[in-house]
Amino acid sequence: MTATLVTQDGVPIDAVHLPGRRELAIVVAHGFTLSWQKPMVWRVAQRFNAAAGVVTFDFRGHGRSGGRSTLGDKEIYDLDVAVHYARELGYRQVATVGFSMGGSVVLRHAALRGGVDAVVSVSGPGRWFYRDTVPMRKVHFVAEKRVGRLFARHFLQTRIASGGWDPEPLPPADAAARISPVPVLIVHGDKDVYFPPEHGRQLYASAREPKELWLIPGFGHAERATDDRLVDRIAAWAAGAVRLPHAVTGPRDTGRPAAPEPPAASERAAS
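Residues numbered from 1 in each chain as written. Predicted model: local features only at pLDDT ≥ 70, side-chain atom pairs only at ≥ 80, totals over all residues. Heavy atoms only, no water.

## A look at the pairing of strand β3 (residues 24-29)
What counts here: Think of it in three bands: residues with accessible area under 20% of the maximum for their type are buried, residues over 50% are exposed, and the middle band is partly exposed, with areas taken using a 1.4 Å probe on protein chains only. Every helix listed is a DSSP run of H or I at least four residues long, and every strand listed is a run of E at least two residues long, numbered separately from the N terminus. Two strands pair if DSSP finds at least two bridges between them. Convention used here: a crossover is right-handed provided that the path from the first strand, over the helix, to the second strand proceeds clockwise when the strands point away from the viewer.
Counting buried residues along β3, six of its six residues qualify, which places the element largely inside the surrounding structure. Covered by surrounding structure in β3 are L24, I26 and V28 together with A25, V27 and A29, the residues of both alternating faces. Relative to strand β4 (residues 53-57), β3 runs parallel, the two sharing four bridges. When the sheet's bridge partners are listed, V28 is paired in β4 with T56. Crossover handedness for the path β3 to helix α1 (residues 39-48) to β4: right-handed.

## Here's the deal with helix α4 (residues 134-144)
Each α-helix winds once per 3.6 residues, and so residues spaced three or four apart point in a common direction. Operational definition: Throughout, the arc means that of the directions going from the helix axis to the C-beta atoms. The contact criterion used throughout is that any non-hydrogen atoms of two residues lie within 4.5 Å.
Buried within α4 are the following residues: M136, V139, H140, V142 and A143. Burial along α4 is one-sided: seen end-on, the buried residues are contained in an arc of 160°. Of the surrounding elements, those touching the buried residues of α4 are α5 (146-155).

## A look at the confidence of the model for the chain
The cut-off we apply is this: The predictor attaches a confidence to each residue, called pLDDT, with possible values from 0 through 100.
For the chain, the average pLDDT comes to 91, and 90% of its residues sit at 70 or higher. Here residues 249-271 scores under 50 on pLDDT; set against residues more than four positions off or in separate chains, the count is 52 contacts.

## So, the nonpolar core
Which entries qualify depends on this criterion: Nonpolar cores are built from buried Ala, Val, Leu, Ile, Met, Phe, Trp, Tyr and Cys residues. Side-chain atoms within 4.5 Å join them into one set.
Of all hydrophobic cores here, the largest spans 50 residues; its most connected members are V27, F57, L107 and V119. Not counting the four nearest positions on each side in its chain, V119 is found in contact with T96, V106, L107, A110, I179, V182, P183, V184, L185 and W237. Counting residues in hydrophobic clusters, the runner-up holds 29 residues, among them L24, F99, L230 and I234.

## Some points on the layout of surface pockets
Note the threshold: Cavity and pocket criteria rest on a 1 Å grid covering protein atoms alone: a 1.4 Å probe that fits but cannot get out defines a cavity, protein on both sides within 12 Å along at least 5 of 7 lines defines an open pocket, and an atom within 4 Å of a point defines a lining residue. Grid points are joined across faces, edges and corners, and a volume is the space filled by probe spheres set on the points. Following the grouping adopted for this structure description, the nonpolar residues are Ala, Val, Leu, Ile, Met, Phe, Trp, Tyr, Cys and Pro, the charged ones are Asp, Glu, Lys and Arg, and the polar ones are all others, Gly among them.
Computed from the structure, the largest pocket encloses a volume of approximately 1300 Å³. Lining the largest pocket are 50 residues, and of these F32, L71, M101, M136 and V139 lie nearest its centre. Put simply, the parts of the chain that give the lining of the largest pocket at least two residues each are α2 (75-88), α3 (101-112), α4, α5 and α8 (222-225). The element contributing the most residues to the lining of the largest pocket is α4, with eight residues. Looking at the lining of the largest pocket residue by residue, the class counts come to 26 nonpolar, 11 polar and 13 charged.

## Some details on the packing of aromatic side chains
Keep this limit in mind: Here a pair means two rings of Phe, Tyr or Trp (six-membered ring of Trp) with centres within 6.5 Å. Their orientation is stacked below 30 degrees between planes, edge-to-face above 60, and tilted elsewhere. In this scheme, the term charge over a ring applies when either NZ of a lysine or CZ of an arginine sits within 6 Å of the ring centre and within 35 degrees of the ring normal.
If you walk through the whole model with that rule in mind, you get six aromatic pairs. Here Y130 and F195 contribute two aromatic rings whose centre-to-centre distance is 6.2 Å and whose plane-to-plane angle is 50°, an arrangement assigned as tilted. With a gap of 65 residues between them, Y130 in the loop between β6 (118-122) and α4 and F195 in the loop between β7 (184-189) and α7 (197-206) connect regions that are remote in the sequence. Through a chain of ring-to-ring contacts, three or more aromatic side chains come together here, namely W128, F129 and W165. Geometry around Y91 places R22 over its ring, the cationic atom sitting 4.6 Å from the centre. The aromatic ring of Y204 is capped on one face by K211, whose charged end is 4.3 Å from the ring centroid.

## Looking at the packing of α4 against α5
Rules: Working convention: axes come from line fits to C-alpha atoms, limited for helices to the stretch in contact. Angles between N-to-C directions cover 0 to 180 degrees. In what follows, roughly perpendicular refers to angles from 65 to 115 degrees, roughly parallel to angles under 35, roughly antiparallel to angles over 145, and oblique to any angle outside these ranges.
In contact at an axis separation of 5 Å, α4 and α5 are set at 95° when each is read in the N-to-C sense. In terms of axis orientation, α4 runs roughly perpendicular to α5. The residues of α5 that touch α4, namely those facing F141, V142, A143 and E144, are R146, V147, G148, R149 and A152. Per-class residue counts for the contact of α4 with α5 are five nonpolar, one polar and three charged.

## What about the pairing of strand β8 (residues 211-216)?
Most of β8 sits inside the fold, with six of its six residues counted as buried. Of the two faces of β8, the one holding K211, L213 and L215 and the one holding E212, W214 and I216 are both buried throughout. Relative to β8, β7 runs parallel, the two being bridged by six bridges. Paired with V187 across the bridge in β8 is W214. Once the chain exits β7 it traverses α7 before rejoining the sheet at β8, and the crossover so formed is right-handed.

## What to know about the environment of L215
Checked against the element boundaries, L215 lands in strand β8. Overall, the relative accessible area of 14% leaves L215 in the buried class. Sequence separation between L215 and I186 is 29 residues; the distance between their C-alpha atoms is 8.2 Å.

## Regarding helix α9 (residues 228-241)
This is how the line gets drawn: An expected span of 1.5 Å times one less than the residue number is assigned to each helix.
The end-to-end C-alpha distance of α9, which contains 14 residues, comes to 20 Å, matching closely the 20 Å that a straight helix rising 1.5 Å per residue would cover. Taken residue by residue, α9 has L230, V231, I234, A235, W237, A238 and A241 as its buried positions. Down the axis, α9 shows its buried residues gathered within 160° of arc, on one side only. Among the exposed residues of α9, those pointing more than 90 degrees away from its buried face are R229 and A236. Where α9 is buried, its residues meet β3, α1, β5 (93-99), β6, β7 and β8.

What follows is the structure, encoded as structure tokens:
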């Protein structure tokens, strides 16, 4: 079932709901230049639907949604309206799962908006302005140069806002530090050509308990590298995580410093 949702800043968001049992909804947030209608995103959404209800959507500037992409800044409003939609549909618990750009958005949304029961960031950046890989230098060219934005509009069906960020958004690692007590899972591959494993480790180190890191040997980047086995593992983790004793909260006080990192945080390697 498709729906048009409207964000708090007035941007229409194209969304789709795959019904499931009302215990849990998984809200899927795609990567940059993708759309819920792209086969790799749709395959992931359908696989999640075997375990839960699913809401997925096009970020602003992507697919059939309105507005222009801000590469992870105002996209928290897009995710927020999708989370509220899942609640309106009657789901008791909501987990967000984001890939690449969407991975940064789910962290920032949980920190700044709240209202979710578990968060999964797959192949997300630990910090902004990373240019140390060829694919990320290409992403910066597309975002920062007029000819790059024209290319994205005509060939990638992605409309990007010009002018950059003002002010700079809360970085993903800083956001990860503000999510507790909501459980967070960081998934990263040692073959990620966009963001090396150090980004996953940075996110995990910044997050507070309860948290897990799956650093997966041979795994590449985001939806393109995600197979059914990984989707099933993430779904199972989310179903378990939402049962942990924690309270769903509203928007956080973003001016409050993060509490010190508790001891006994464990890094889990996954094969």
